[in-house]
Amino acid sequence: MVSGTLIFNNGEGFEKEAASNGKLKISWTSDGKDSTLPIVFYRQSVLVVNGRKVSPKCNEIGMPIVQAQKGKNTAILSFKTPMWFTILLYISILSWALLIIYGVFRWVKIIKK
């Protein structure tokens, strides 16, 4: 408890499973009140609750608070990789390939001597 509010409910009452493409599927039953999901929501996170993309409010430690419908609810959490990360990954792969090619040419040059 922090300032009178429950921060983490230990995930009780939530079913979690790994979905395709690295997504996390969370299912729970609600009485129609706000639900705090037992996950951490980052800036690049994408959350879809009951088929609708939402931008949830988060508690003090980054757990999203969503409006649930009465009955069965489903949330799908995914992570959008930033463009700068993808660019740096390709630069790194290209650099390693060029370094290997350079090393092979140097090795062949030394062998021929």
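Before reading on, note that the structure itself is shown above.
Residues numbered from 1 in each chain as written. Predicted model: local features only at pLDDT ≥ 70, side-chain atom pairs only at ≥ 80, totals over all residues. Heavy atoms only, no water.

**Looking at helix H1 (residues 83-112)**
Phase 1: Between its terminal C-alpha atoms H1 stretches 44 Å, which fits the 44 Å expected from 30 residues at 1.5 Å a residue.
Phase 2: The buried fraction of H1 amounts to 0 of the 30 residues, a small share that puts the element mostly on the outside. (Helix = DSSP H or I, 4+ residues; strand = E, 2+ residues; numbered from the N terminus. Expected span 1.5 Å × (residues − 1). Buried < 20%, exposed > 50% of the residue type's maximum accessible area, 1.4 Å probe, protein only.)

**A short note on the side chain of Asn59**
Phase 1: Relative to the helices and strands, Asn59 resides in the loop between strand S6 (57-58) and strand S7 (64-67).
Phase 2: Here the side chain of Asn59 touches Met63 through a polar contact of 2.9 Å, landing on its backbone nitrogen. (Polar contact = N/O pair within 3.5 Å; in protein donor to acceptor, adjacent residues only side chain to side chain.)

**Digging into the sheet that holds strand S2 (residues 24-31)**
Phase 1: Taken in spatial order, the 5 strands of this open sheet run S1-S2-S8-S4-S5, and their pairing is antiparallel. A strand with exactly one partner marks an edge of an open sheet, and here the two such strands are strand S1 (14-18) and strand S5 (52-54). Neighbouring strand axes in the sheet, compared pairwise and without regard to direction, differ in orientation by 25° on average.
Phase 2: With 3 bridges connecting them, strand S4 (residues 45-49) and S5 associate as antiparallel partners. Each residue of the ladder has a partner; that of Leu47, found in S5, is Val54. (Pairing = 2+ DSSP bridges. Axes fitted to C-alpha atoms, helices over the stretch in contact; angles between N-to-C directions.)

**Notes on the environment of Ser95**
Phase 1: Inspection of the secondary structure assignment puts Ser95 in helix H1.
Phase 2: Taking relative accessible area as the criterion, Ser95 reaches 39% and is therefore assigned partly exposed.
Phase 3: Here the side chain of Ser95 touches Ile91 through a polar contact of 2.8 Å, landing on its backbone oxygen.

**A word on the sheet that holds S6**
Phase 1: The strand order across the open sheet built from 3 strands is S3-S7-S6, with neighbouring strands paired in antiparallel fashion. Every interior strand has two partners, whereas the edge strands, strand S3 (34-36) and S6, have only one.
Phase 2: In the sheet, S6 pairs with S7 via 2 bridges, with the strands oriented antiparallel. Along S7, the bridge assignment pairs Lys57 with Ile65.

**Observations regarding the packing of aromatic side chains**
Phase 1: One pass over the full model with this rule turns up 2 aromatic pairs.
Phase 2: Consider the rings of Trp84 and Phe85, whose centres lie 6.2 Å apart with planes at 80°: the pair is edge-to-face.
Phase 3: On the accessibility criterion, Trp84 (55% relative accessible area) is exposed.
Phase 4: Note on Phe85: relative accessible area 43%, which makes it partly exposed. (Phe/Tyr/Trp six-rings, centres within 6.5 Å; stacked < 30°, edge-to-face > 60°.)

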